Amino acid sequence: MLGFLVFVPLWGSALLAPLQEPKSLSLASLDTLLTNPQPGDQGWRVSIWEHLIALEQVDSPLILCGWETLAASGSDPDRANLFLYQRRHSLPRLPLQVGEGPELTLERCLAAWGDGDLDLTRELLKQALVRFPSDLRLHENLLWLDLSPPDSVQLDGSARHLALAVLAARRARREAEKVVMTRILSLFAAVLLAAPVFGQVPEMRSSDAKKIGKSVGAWVNADHENDAKDRLEARDDVQKAIDGLSKKYPGPEIYRYLEAWGNALAERGGKYPKAKAGKLATDDTPFGVSLAYWVPADYKPKDGGTPLVLWFRDGPLDDDILAAIPAEVQASHAVVAVEVPNAEGEELLSGVRRSFFIGLAWLSRTLRIDRNRVYVVADSAHAGIAAQLCALAPHMIAGCVVAGDPGEPPEGNVSLFSMNHVDSVDAAWAWLADAPVRNPYPTEFEVELTERQFGRIFWIQATNFDPTLEGKPAKLAVKADRASNRIEIDAENVYQIDLYLNDQIVDLSKPITIVRNGQELEITTIAGFMTLFQNYQVMLLDTGAIFPAKYSGIDIPAKE
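Residues numbered from 1 in each chain as written. Predicted model: local features only at pLDDT ≥ 70, side-chain atom pairs only at ≥ 80, totals over all residues. Heavy atoms only, no water.

Q: Hey, could you run me through the nonpolar core in this one?
A: Soluble, globular proteins show a tendency: their nonpolar side chains are buried together. Core analysis: the biggest nonpolar cluster contains 66 residues, and Trp-67, Leu-308, Phe-312, Phe-356, Val-376 and Ile-397 have the highest contact counts within it. With 10 residues, helix H15 (residues 345-366) is the largest single contributor of residues to this core. Beyond its immediate sequence surroundings of up to four residues, Val-376 is in contact with Leu-310, Phe-312, Phe-356, Ala-386, Cys-390, Ile-397, Gly-399, Cys-400 and Val-401. Grouped together as the second largest cluster of nonpolar side chains are 61 residues, Val-216, Phe-465, Tyr-500 and Ala-545 included. (Core = buried A, V, L, I, M, F, W, Y, C linked by side-chain atoms within 4.5 Å. Buried < 20%, exposed > 50% of the residue type's maximum accessible area, 1.4 Å probe, protein only. Helix = DSSP H or I, 4+ residues; strand = E, 2+ residues; numbered from the N terminus. Contact = heavy atoms within 4.5 Å.)

Structure below.
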């Protein structure tokens, strides 16, 4: 089962209940359940909930509709679940109401924490404790926020309780040490000022990378199996590994080694699913879609990821169709078909989008895919829809090659990946031999946002925008300069954004200036492995785009 649930590194979150999933979960069955509502039937409500958990990352308005249907009960857990879904997917959140219960109140506190507003988090937790003084989750989260020691240490308490006591003690000791060290450090000020910037930081030592890789691999495997217990244990092990390396890589420095973290996610601790190398494999996915895909004969996940081709065509792969793929492509690339339905307009785009993202996500789970070498191939009949989808999600691919008219996708979007028009499908296959790799962290780009469901472009997420205002698409022009730690955003018909950041784009250890349509805003971010993990999940297991920091809810003022 694809483990796309997002878990916050705190106590709470209404969706963390254990789940025994039924064997058959699909959008079609969810649609049937929602079409025949039985709000008073507990079995119906449980079935809806199970479908929503399993299908949460599927691109369909049915998912939001399902959470809203459950929340119509007015119960505190149901409303908390809806709020959590809205927060995860950067949707408008439930407005604050008087008398909200403890679950929704806790989710609002965690949302402020996730948004990076620690002062607001602290205030909300204090207010919540006035209303719910016996809720230990609120109390423990407040202690974690300030790294304050608990009133007493229970030796038989949870791992988190004991960890809090240890971390609080460490903090107190460090504060005392600072007084002694201040004079010593001043003697070396000139040396510190001359320290190398991130671009000069060497690769993480292989022995240190292995320490992180083992626990990260355990988390990935637990996430793929949707094993909440193992996932939480692995998360604790990741924190232990980071704590053990804190002297070598103090503060946020450990998150500067993007390649090491990406490799840790991709290597899965050396535990890869069994693959039928050199054969055509067929899997029934949990989304009601059967996928046939080719695995290269020399595929060895321990040696690195394989490039992937998403082939836009009328139907799935079979042995006869496979024979049309040149031997050199079969030897070097995994291949899966993106089935194009016989439809038009929104129905066509929706069908292609579903096939594209399920194919990419499932193969990223099943194989070790080099996500910086994902390519789209299309014949003349499907050239237009292939180019259109790639222009909507340019950060997902390295290149697209079509043997036909690609139409007129937005020029700025197309410039963000390698777009190629050739005369034949044979020429398209030949193009793969020298195809470029993806740059997952461009620091300057322009895009048009023409579909509401496609607001994420590389490291920027438009959460509130109008793609059709007065017939004009929403636009973003983005430029990041690490030397000045400054990000400039020029926007039209975009009203709010989130930023996913790493130390290649900006220096996370310093304040960042965001210039939005000429108006400046200074922010600070906190790097963390849970943010990194959440982005990995949301980006369909992308091990080539690592973002350990996120800043949410940046308003874009109107142009003067």
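Q: Explanation requested: the sheet that holds strand E3 (residues 306-313) in the structure shown.
A: Strand pairing in a sheet relies on backbone hydrogen bonds, with the paired strands running either antiparallel or parallel. Overall, mixed pairing links the seven strands, which are arranged E1-E2-E4-E3-E5-E6-E7 in an open sheet. Bordering the open sheet on either side are strand E1 (280-284) and strand E7 (418-421), each of which pairs with just one other strand. The mean inter-strand angle of the sheet, taken between neighbouring strand axes irrespective of direction, is 20°. Inspection of the sheet shows strand E6 (residues 399-402) paired to E7 by four bridges, in the parallel sense. The residue bridging Val-401 from the neighbouring strand is Asn-420, located in E7. Each of E1, strand E2 (290-294), E3, strand E4 (334-339) and strand E5 (369-378) touches H15; the most contacted strand, E4, lies at about 155° to it. (Pairing = 2+ DSSP bridges. Axes fitted to C-alpha atoms, helices over the stretch in contact; angles between N-to-C directions.)

Q: What's the story with the state of the cysteines in this structure? I'm lost.
A: In a disulfide, the sulfur atoms of two cysteines are held together by a covalent bond. Per the counting criterion, the structure on display carries zero disulfides. Considering cysteine sulfurs only, Cys-390 is the nearest to Cys-400, which forms no disulfide, with 4.0 Å between them. (Disulfide = S-S within 2.5 Å.)

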